[in-house]
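Here is what each chain is made of, one letter per residue.
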Amino acid sequence: MLDSIRTRLTLWYTGVLALVIVVLCGVAYFIFWRSAVRRTDLNLVELSNSFLVTLRAELEDPAGPEDFHTAAHEAIDEHHFRDTLYAIVDQTGKVILTSVETPSANPPSRAERPGQSASANPPSRAERKVLSSASFQSFLDASLNSDRLFVQIPVSQAGFRGFAQHFTAKGKTYILIILQSLHPQREMMEEAGTVFAWLIPIAVLLASGGGYFLARKSLAPVVSMSSHAGRIGAENLHERLAVQNERDELGHLAQSFNKLLNRLSESFDRQRRFMADASHELRTPVAILRGESEIALSQQARSPEEYRESLEVMHHEAERLTRIVEDLFTLTRADAGQYPLQPSHFYLDELVTECMHSARTLAQAKKISLTFEVAPESPIQADESLVRRMLMNLLGNAIKYTPEFGRVTVSCQCNGKEYAVNIADTGCGIPAELQPRIFERFFRADKARSRAENDGGGAGLGLAISRWIAEAHHGRLELTRSDSAGSTFSAYLPVDSAPSKSPG
Ligand code: ADP
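Residues numbered from 1 in each chain as written. Predicted model: local features only at pLDDT ≥ 70, side-chain atom pairs only at ≥ 80, totals over all residues. Heavy atoms only, no water.

## A short note on the pairing of strand β11 (residues 476-483)
To be explicit about the condition: Being paired, for any two strands, means DSSP has found at least two bridges between them. Only DSSP runs of H or I reaching four residues or more are called helices, and only runs of E reaching two or more are called strands; each is numbered from the N terminus.
Both β11 and strand β12 (residues 486-494) contribute to a ladder of 7 bridges, which runs antiparallel. The partner of Arg-476 across the bridge, within β12, is Tyr-492. Between β11 and the antiparallel strand that follows it, β12, lie 2 residues.

## A few points about the layout of surface pockets
In plain terms, the rule: Using protein atoms alone on a 1 Å grid, points that fit a 1.4 Å probe yet trap it form a cavity, whereas open point sets bounded by protein on both sides within 12 Å along at least five of seven lines form a pocket; residues with an atom within 4 Å of a point count as lining. Grid points are joined across faces, edges and corners, and a volume is the space filled by probe spheres set on the points. Residues are grouped as follows: Ala, Val, Leu, Ile, Met, Phe, Trp, Tyr, Cys and Pro are nonpolar; Asp, Glu, Lys and Arg are charged; all remaining types, including Gly, are polar.
Reported here for the second largest pocket is a volume of approximately 630 Å³. When residues of the lining of the second largest pocket are traced back to their parent elements, those giving at least two are α6 (249-298), α7 (304-335) and α11 (462-472). With 6 residues, α6 is the single largest residue contributor to the lining of the second largest pocket. Of the residues assigned to the lining of the second largest pocket, the class counts are 8 nonpolar, 4 polar and 11 charged.

## Description of the nonpolar core
A general tendency of soluble globular proteins is for nonpolar side chains to be buried together. As a reminder, the rule being used: Take the buried residues of types Ala, Val, Leu, Ile, Met, Phe, Trp, Tyr and Cys, join any two whose side-chain atoms come within 4.5 Å, and each joined set is a nonpolar core. Per-residue accessibility, obtained with a 1.4 Å probe over protein chains only, is compared with the maximum for each type, and a residue is labelled buried under 20%, exposed over 50%, and partly exposed between these values. Only heavy atoms matter for contacts: two residues are in contact if any of them lie within 4.5 Å across the pair.
One finds Val-387, Leu-395 and Ile-423 to be the most contacted residues of the largest nonpolar core, which totals 56 residues. Looking at this core element by element, the count peaks at 8 residues for helix α9 (residues 384-400). Dropping the residues within four chain positions of it, Leu-395 is found in contact with Cys-355, Met-356, Ala-359, Leu-370, Val-408, Val-410 and Ile-423. The next biggest cluster of nonpolar side chains, apart from the first, holds 21 residues, and it includes Leu-52, Phe-163, Ala-169 and Leu-176.

## Description of unusual backbone geometry
A positive phi angle, near 65°, is found at Phe-405, a position not held by glycine. Secondary-structure assignment places Phe-405 in the loop between α9 and β9 (407-414). Using a relative accessible area of 62% as the deciding quantity, one classes Phe-405 as exposed. With phi around 60°, His-474 is a residue other than glycine that occupies positive phi space. Position of His-474 among the secondary structure elements: in the loop between α11 and β11. Looking at His-474, the relative accessible area reads 46%, which means it is partly exposed.

## So, the pattern of salt bridges
Applicable threshold: Salt bridges are counted wherever a side-chain nitrogen of Lys or Arg sits within 4 Å of a carboxyl oxygen of Asp or Glu.
A full pass over the atoms with the stated rule returns 14 salt bridges. Across the pair Glu-294 and Arg-290 runs a salt bridge, and its minimum N-O distance is 3.6 Å. Taken as a pair, Glu-294 and Arg-290 lie in helix α6 at a separation of 4 residues, close to a single helical turn. Among the residues examined, Glu-294 registers a relative accessible area of 46% and is labelled partly exposed. We classify Arg-290 as exposed; its relative accessible area is 56%. Arg-388 serves as the salt-bridge partner of Glu-384, at 3.9 Å between the closest nitrogen and oxygen. Of this pair, Glu-384 and Arg-388 both sit in helix α9, separated by 4 residues, roughly a single helical turn. Look at Arg-388 and you get partly exposed, because its relative accessible area is 30%.

## With respect to the environment of Thr-7
This is how the line gets drawn: Polar contact is defined as a pair of N or O atoms within 3.5 Å, subject to the rule that within protein one atom must be able to donate a hydrogen and the other to accept it, and that residues adjacent in sequence are counted only when both atoms are side-chain atoms.
Structurally, Thr-7 is set in helix α1 (residues 5-60). In this structure Thr-7 comes out as buried when scored by relative accessible area, which is 12%. Between the C-alpha atoms of Thr-7 and Ala-215, which are 208 residues apart in sequence, the distance is 8.3 Å. Separated by 3.1 Å, the side chains of Thr-7 and Ser-4 make a polar contact.

## Some remarks on the side chain of Ser-411
With respect to the helices, strands and loops of the structure, Ser-411 is situated in strand β9. Ser-411 gets classed as buried once you look at its relative accessible area, which sits at 9%. Setting aside its immediate chain neighbours within four residues, Ser-411 contacts Phe-372, Glu-373, Ala-420, Val-421 and Asn-422.

## Some points on the sheet that holds strand β2 (residues 95-98)
The line we're drawing: Interaxial angle, 0 to 180 degrees, is taken between N-to-C directions of lines fitted to C-alpha atoms, where a helix line uses only the stretch in contact.
The strand order β2-β1-β5-β4-β3 describes an open sheet built from 5 strands, whose pairing is antiparallel. Strand pairing shows two members of the sheet lacking a second neighbour, β2 and β3 (148-153), which therefore form its edges. The sheet shows a mean angle of 25° between the axes of neighbouring strands, direction not considered. The pairing of strand β1 (residues 84-89) with strand β5 (residues 172-181) spans 6 bridges and is antiparallel. When the bridges of β5 are listed, Leu-85 appears paired with Leu-179. Its contacts with the sheet place α1 against β1, β3, β4 (160-169) and β5, and it is angled at close to 30° to β4. Relative to the sheet, helix α4 (residues 134-144) contacts β1, β2, β3, β4 and β5, its axis offset from that of β5 by approximately 140°.

## Focus: the side chain of Glu-418
If you trace the backbone, Glu-418 turns up in strand β10 (residues 418-425). Once you skip the residues sitting within four places of it in the chain, Glu-418 turns out to touch Gln-413, Arg-476, Tyr-492, Leu-493, Pro-494 and Val-495.

## Here we look at the sheet that holds β9
Strand order in the open sheet made by the 5 strands is β7-β9-β10-β12-β11, with mixed pairing throughout. Both outer strands of the open sheet, β7 (369-373) and β11, are each paired with one neighbouring strand and no more. Across this sheet, the average inter-strand angle for adjacent strands is 15°, counted without regard to direction. Running over the sheet, helix α8 (residues 348-365) touches β7, β9 and β10 and is turned about 175° from β7. Contacting β7, β9, β10, β11 and β12, α9 crosses the sheet at an angle of about 25° to β10.

Printed below as a string of structure tokens:
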């Protein structure tokens, strides 16, 4: 299940979203709590101010109590609300009065303070507990040194918020301490927590459903592409994937895949053509061999001359077959990058001279003059036997396609970086429209002439192999001129370029 991108995307999305929601809720919870505490602090300050106003009014009232203790008692009595605890402390830190000791209730007619419920308020257990707690004691100690002080007193479940303020009455300094229970705030936060606890899983569930739907929708084209691609095989290689939007990523993917199919299809076609051409080329000599042997075997009384003639024909075709098979083998290995080149140092001008010497008999048979415009020493590093093969192909063609009494001229030049071996003839030339195709495998401009020559006839592979040899040496082979006056082929070979091991 985790192998599906859809599921993984949904899980990632849900996980990240859940994390974000939890963090946001945590931050919101913290901010709510801070704001509730700040509101409590404001309330405490207000309570303190109003208490002091009442206390001063009691003390200044001529009909009121004369001593501080009674006046404070009455002021506490008047301001004592539920969840609020008053204490008055003298300069030495001694608690001289607390609302716990004055448990008289406010009359119901008294106005309620905002945020508080005025009611009968006997001291709660929490209030008694807080006054005897160590935290309260340290609060008292700290309040002696500070005019105004807010603290958190972690007593009982909810805890208390404490406020201390110095004031003077009847010439003495006292500290008013007001503690307010944080119970309502805690309750509010608990409610918020409960809401979050419900909302988070619901939000995550809804979001993961949406995420799954989105992932499914956006990956649907990939699924359809993959199933279409799965149906494309050798027999329907012409089919292409549908490109819905060529500008988006999936469009690019489909286009790249289609381009790959184009290349594959071209390569398939080339391969098919190659196979068809190869079998066609092999069929002719095999048919001649069979026919000749059948005739020889069917005739009982044949003269030795007749047998010899048949054997010569068969030998000729066998040679031709061997040559085609060898050429095919060379090209197949070259295509697979498996033709091991054996580079060595030699002199190109010497090799050209040797090749011309070998071709001399062929040229003499047609009374063709063969000339080498002697070149200076031309050292080169290359595969000598392959370069010889290329030169012999080019020389052979020049002689083959040049009529009697023609001329074949070879020259070798160097421009410092590469050698250019030019083989020029005064032959029939190649029609302009066919020139771009002469390096194709099995291509022959004039099949009759190519086959009929007494060298055994070519299969149209010579130039393809020659071009591969030049390219294997990081060079090139070009037809530089061809018209009715003849043709010139130029092979360019780098002076110091080591041939690649796996030319393609
Ligand atoms: P082939 O074995 O038929 O000669 P190549 O690959 O060597 O095959 O040559 C391909 C074709 O190019 C030949 O069939 C011929 O038509 C043409 N060609 C090659 N060299 C020459 C040339 N020097 N003059 C005229 N045509 C040529």
